[in-house]
Amino acid sequence: MRKYFVAGNWKMNLTMGESAKLAADLKAAIGGQSEVDVAVCPPFVYVPGVVEALKGSTIAVGAQNLYPAPGGAFTGEVSPKMIKDVGCRYVIIGHSERRHILGEKDEFINAKVKSALEAQLLPILCVGELLAERQSGRTQSVVSIQVEKGLAGLTEQDAAKITIAYEPVWAIGTGETATPAQAQEVHAYIRGLVKKLFGDSIADAMRIQYGGSVKPDNAAELMAQPDVDGSLVGGAALKAENFVPIVRAAKG
Ligand code: 13P
């Protein structure tokens with residue numbers, strides 16, 4: 001049985017005060033439960049404050065990105081070691097906004113996955129197709145390239161630490177969610193790919209989150225699908241009143 005995993009991607013939102021308040025509200029509401037794995041991923045500058053605010057709770061913290069080098073002359077970048085040092089457990093890698101706004105390629109994303117693992121961080125690897133790719137029947141080929149290249153060169157032991165987030169780009173921030181059947185179809189396809197790459201037991205244990213306009217009113221039916229093991233939540237993660245019911249929906 002896979003344990004559900006719900007993560008909030010705060011993206012480039014909130015002030016320091018708002019991020020501390022949101023963390024405190026989440027701690028009060030769901031900070032004691034352990035039936036569902038929960039994480040929040042604030043902007044880098046707010047990570048230490050959020051880690052502090054969530055101390056003593058079961059809610060983990062993740063970063064939204066990293067630079068794949070141990071340190072050195074990389075102005076403006078943040079290393080995996082620093083992210084680990086400030087208390088993060090997870091790191092989002094290959095989010096569609098980084099792929100499509102910042103031009104990140106699969107090879108670079110693969111280097112990030114490897115450097116996260118070296119620093120004992122747990123990667124959440126994001127994959128997903130554009131609307132035009134879906135409409136031209138290329139969803140599976142796009143997603144398979146992203147998964148295969150993103151996880152290239154990993155050992156089974158490394159692969160066991162990965163969460164994949166399937167986030168169809170056309171569903172992100174648009175209010176247009178994949179139907180539960182559309183999500184299940186791609187999630188099952190991804191699990192099949194992981195099976196081919198790393199074998200049955202890794203694939204059966206790997207958590208595959210759905211992301212893209214997850215809200216309190218659609219979370220339960222999405223996560224009721226057999227291969228949907230949680231959510232990566234954007235807009236609805238910015239308010240405790242929306243994020244808390246999504247976590248509760250994962251409990252079933
Ligand atoms: P929305 O939930 O705002 O659509 O964002 C999803 C997302 O990109 C999470 O990483």
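Heads up: the structure comes first, above all this text.
Worth saying up front: this structure is predicted, and the values here are computed from it rather than measured.

Q: Break down the packing of aromatic side chains for me, with residues and values.
A: In total, this model carries four aromatic pairs according to the counting rule given. Aromatic pair Y67 and F74: ring centres 4.7 Å apart, planes at 35°, arrangement tilted. By relative accessible area, which is 22% here, Y67 ends up partly exposed. When its relative accessible area of 34% is taken as the criterion, F74 is described as partly exposed. Of the aromatic side chains, those joined through ring pairs into one cluster are Y67, F74 and F108.

Q: Go over the site of the ligand, please, and point to the residues and values.
A: In the region of the ligand, the neighbouring residues are N9, K11, H95, E167, A171, I172, G173, G212, S213, L232, G234 and G235. A distance of 2.8 Å separates an oxygen atom of the ligand from a polar side-chain atom of K11. Within the side chain of H95, a nitrogen or oxygen atom sits 2.8 Å from an oxygen atom of the ligand. Computed on the free molecule, the ligand has an accessible area of 310 Å², of which 96% lies beneath the protein chains in the complex. Partitioning the shell around the ligand into residue classes produces three nonpolar, seven polar and two charged.

Q: Talk me through the layout of surface pockets; I want residue IDs and the actual numbers.
A: In this structure, the largest pocket encloses a volume near 410 Å³. As for the largest pocket, its lining consists of 14 residues, and the residues nearest its centre are K11, M12, Q64, N65 and R98. For the lining of the largest pocket, the per-class residue count stands at seven nonpolar, four polar and three charged.

Q: Tell me about the pattern of salt bridges, residues and numbers included.
A: Summed over the entire model, instances satisfying the criterion amount to 16 salt bridges. Among the salt bridges present, the one from R98 reaches E104, with a minimum N-O distance of 2.7 Å. Look at E104 and you get buried, because its relative accessible area is 7%. Bridged by salt links that share partners, the residues R2, R191, D227 and D229 form one connected network.

Q: Requested: an account of the packing of helix 7 (residues 139–150) against helix 9 (residues 180–198), with residues and values cited.
A: Where helix 7 contacts helix 9, the axes come no closer than 10 Å and their chain directions differ by 40°. The angle between helix 7 and helix 9 places the two elements in the oblique class. When the axes of helix 7 and helix 9 are compared, the crossing they make is right-handed. Where helix 7 abuts helix 9, its residues T139, Q140, V143, S144, V147 and E148 lie against V186, Y189, I190, L193 and L197.

Q: Account for the sheet that holds strand 7 (residues 207–211), with residues named and values stated.
A: Reading around the barrel, the eight strands line up as 1-2-3-4-5-6-7-8 and close back on themselves, with parallel pairing between neighbours. Each strand axis lies, on average, 25° off the axis of its neighbour in the sheet, ignoring direction. Here strand 6 (residues 163–166) runs beside strand 7; their pairing, made up of four bridges, is parallel. Counted as the bridge partner of A165 is Q209 from strand 7.

Rules used in this analysis
- Residues numbered from 1 in each chain as written.
- Predicted model: local features only at pLDDT ≥ 70, side-chain atom pairs only at ≥ 80, totals over all residues.
- Heavy atoms only, no water.
- Phe/Tyr/Trp six-rings, centres within 6.5 Å; stacked < 30°, edge-to-face > 60°.
- Buried < 20%, exposed > 50% of the residue type's maximum accessible area, 1.4 Å probe, protein only.
- Near = heavy atom within 4 Å.
- Polar contact = N/O pair within 3.5 Å; in protein donor to acceptor, adjacent residues only side chain to side chain.
- Areas by Shrake-Rupley, 256 points an atom, 1.4 Å probe, with all protein chains shown as cover.
- Nonpolar A, V, L, I, M, F, W, Y, C, P; charged D, E, K, R; others polar.
- 1 Å grid on protein atoms, 1.4 Å probe; cavity = no way out; pocket = protein on both sides within 12 Å on 5 of 7 lines; lining within 4 Å.
- Points joined across faces, edges and corners; volume = space filled by probe spheres on them.
- Salt bridge = Lys/Arg side-chain N within 4 Å of Asp/Glu carboxyl O.
- Axes fitted to C-alpha atoms, helices over the stretch in contact; angles between N-to-C directions.
- Helix = DSSP H or I, 4+ residues; strand = E, 2+ residues; numbered from the N terminus.
- Parallel < 35°, antiparallel > 145°, perpendicular 65-115°, else oblique.
- Left-handed = near helix turned anticlockwise from the far one by under 90°.
- Contact = heavy atoms within 4.5 Å.
- Pairing = 2+ DSSP bridges.

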